[in-house]
Every structure is written in structure tokens, then in C-alpha cells.
Amino acid sequence: MEQAAKWKVWDEKMSAVAQSVKPAFLVKGLTGKGMAMFAVRDIAAGELIHAERPISVTVQKYNVAPDRGPATGDFYRSALSRLGLPQQRAILALSNCWDSTIDAINGIMQTNALPVDLQDRPDTQVTYCGVFPTLSRANHSCVPNANYFFQFGDFTGRFYASRKIEAGEEITIMYCDLLQTQEARRDSLYRSHRFLCQCDFCSVPPLSIQAKNSNSNRLFIKETLSRLVSENDKNVSISETHRAILMTDQEALPSYKAQLMYFGGASLLQRDKAHAGQAIKWLQQAKRLYEQLEGTESYNVAELSNR
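Now for a look at the structure at hand.

Calculation notes
- Residues numbered from 1 in each chain as written.
- Predicted model: local features only at pLDDT ≥ 70, side-chain atom pairs only at ≥ 80, totals over all residues.
- Heavy atoms only, no water.
- Axes fitted to C-alpha atoms, helices over the stretch in contact; angles between N-to-C directions.
- Helix = DSSP H or I, 4+ residues; strand = E, 2+ residues; numbered from the N terminus.
- Left-handed = near helix turned anticlockwise from the far one by under 90°.
- Contact = heavy atoms within 4.5 Å.
- Nonpolar A, V, L, I, M, F, W, Y, C, P; charged D, E, K, R; others polar.
- Buried < 20%, exposed > 50% of the residue type's maximum accessible area, 1.4 Å probe, protein only.
- Pairing = 2+ DSSP bridges.
- 1 Å grid on protein atoms, 1.4 Å probe; cavity = no way out; pocket = protein on both sides within 12 Å on 5 of 7 lines; lining within 4 Å.
- Points joined across faces, edges and corners; volume = space filled by probe spheres on them.
- Disulfide = S-S within 2.5 Å.

A few words on the packing of helix H6 (residues 209-229) against helix H8 (residues 254-271). The interhelical angle for the contact between H6 and H8, taken along N-to-C directions, is 35°, at an axis separation of 9 Å. H6 and H8 meet at a crossing whose hand is left-handed. Contacts from Ile221, Thr224, Leu225, Leu228 and Val229 of H6 reach H8 at Tyr256, Gln259, Leu260, Phe263, Gly264 and Ser267. In the contact of H6 with H8, the residues fall into seven nonpolar, four polar and no charged.

Moving on, we come to the pairing of strand E10 (residues 170-173). On any regular strand, side chains alternate: one points to one face of the sheet, the next to the other face. Neither face of E10 is open: one carries Glu170 and Thr172, the other Ile171 and Ile173, and all of them are buried. In the sheet, strand E2 (residues 34-39) pairs with E10 via two bridges, with the strands oriented antiparallel. Bridging from a neighbouring strand, Met37 pairs with Ile171 of E10. Pairing between strand E7 (residues 139-140) and E10: two bridges, direction parallel. Opposite His140, over in E10, you have Ile173 as the bridge partner.

All right, on to the environment of Ala184 then. Along the chain, Ala184 falls in helix H5 (residues 182-193). For the pair formed by Ala184 and Asn215, sequence separation is 31 residues and the distance between their alpha carbons is 9.8 Å.

A word on the layout of surface pockets. Looking at the second largest pocket, its volume works out to about 670 Å³. Lining the second largest pocket are 30 residues, with Lys33, Asn139, His140, Glu170 and Phe195 sitting closest to its centre. Breaking the lining of the second largest pocket down by element, the ones donating at least two residues are E2, helix H4 (104-112), E7 and E10. When grouped by side-chain class, the residues that make up the lining of the second largest pocket number nine nonpolar, 14 polar and seven charged.

Our focus in this paragraph is the state of the cysteines. Under the criterion given, the structure shown has zero disulfides. Here Cys176 stays free of any disulfide, with the sulfur of Cys142 as its closest cysteine sulfur at 5.4 Å. A residue is classified by how much of its surface remains accessible, and Cys176, at 10% relative accessible area, is buried.

Set out below in C-alpha cells:
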């Protein structure tokens, strides 16, 4: 933490791209959901909706004595006491989805936390999370229209429009792994945020053809992506990757589409020089999609630019 306190970023303002000159949204109450973010004008795909620094950052998982666990909230209350009054008020104003079995401060932090990085790219060993005064207000959808990305360069959390968002439309992000069945997603969301998802994809009857097809699509995307990422599986065919990419369009999941094209292109380029043209095409498309979902400064864009 002493090293983090010396980062030059604290002496700098947020980058120009992180400051919107024409507000794109407002926060207001929504029946059954608490507070929510709504577009006040049309927002173009790839547009930066909002960026801000977290109020508080902690490790995702921490070890404390049994008598100082979630029920007491000692860990978070101690951290909160070290913040200024405006920051404390901003945290206390956020919603808490948990009941009295968990301390209120602990509940607020768990309800509103978003991933935060303390280096240029995500740490695979230790994960961190933070709460934000505005970004933490966004609700979940299994077909989100915004993508959350943490830009370490100026230490800001950012929402980018993953598609065109119409004026008056709620701005949503994802709270869980979307490459699960409808039942698994709803179960995961209930365990983490105590609600049963009623988004367009979850409100479909579970035994309907539409729900079954969506479940099948998402599981195939998950399996294909897992195989592409695995260093031990070099046998994912071009047709399988292409099929999975088409499914991300059917499911309106551009962030997973970017991953498929990135890992699919990289894998194909490495193992099959005869199809280098297809591999390069996927990598170029992945770069453009990452620019839309994460901004031109993201580590994924930088890595693809060097290929």
C-alpha cells in the first residue's frame, strides 16, 4: 500500500477521454430495482458513458478471525473510518441487498463492488474490487448494453456502450458469468445479489424453445472459448470458432465475441499458417471490438496492435 500511495496517478487528473462534456445519463429510482442509470440521449456504440475513480478498493477475498467476519463488518468499518466524510456518505448512500445476518457496511460493499486492477492488466493471483459513487448504481442484465472496464492508467472505472443505447433506456452491465444456462445465471445472481433476474433472456419460460436454444448457445460459446484458451487443446476447428462467434451475435454478447476472435485468431495463426488470412482477420476484428468495449487505451488493444 505504501508503494500505491506513491503512484503518480494521484497527482494527475483523469484523462480527457474520461470526462464527458455532454452528460449521457441520469440516476433515478426504478421500482423493484432501487436506483438505476438511464440514458438521457442516444448513446452511440463504443461511446464512453461515464468514468470515475473508486471511493474504496479492497482485496476480493480477505482472511480475518472468525469473530471479525461478515456478520460484524469490522474489516470494512475499519477501512471506512479512514475515509473522509464525503466518501463515507457516498458509500453509505449505496444499496444493500443483504439482510441483517451481514453487517450493513459489509453488505453495501458486497452489493456494489466492481473489479479493480492494481497493475496494467488483471492480476491472476490476487483480485481486487472497488465501489464507485455512480458506476455502482448500474443494474444487471444477461444482455447488457454497456461494458465495464477498469483503466489502470488513470485509475478509472469506465462504462462503454456495447451497442447503441436509445434515450430513456436503462444502462446495464453484467454481474456474473453470462455463459451459463438461464437457471445457473439466476441462481448465481441470487446467491451474490439476492435477486431473481427478470431481463429479456431470463423472463422467457425455461422450458421454451427460445430458452433451450439460448442455453445451448451459451454453453457452446463457453466450451469453445475454454478450449481456445487452454494450452493443451489445439484442435478447435475454424468452423467451431466461427459457429461460436455467430452465436455471440444471436445472444448479443459482444465481449465474448471479442474474446473468441482474439483467442481464435491467435490459436489459428500459431498452428495453421495456411489459414493465416482468417486468423489475421479475426485479430483485426477483435481489436476494433475491444476499442469499442474498452477504449483505445486498453491492454487488449495495445497487445493486438503489436501483433
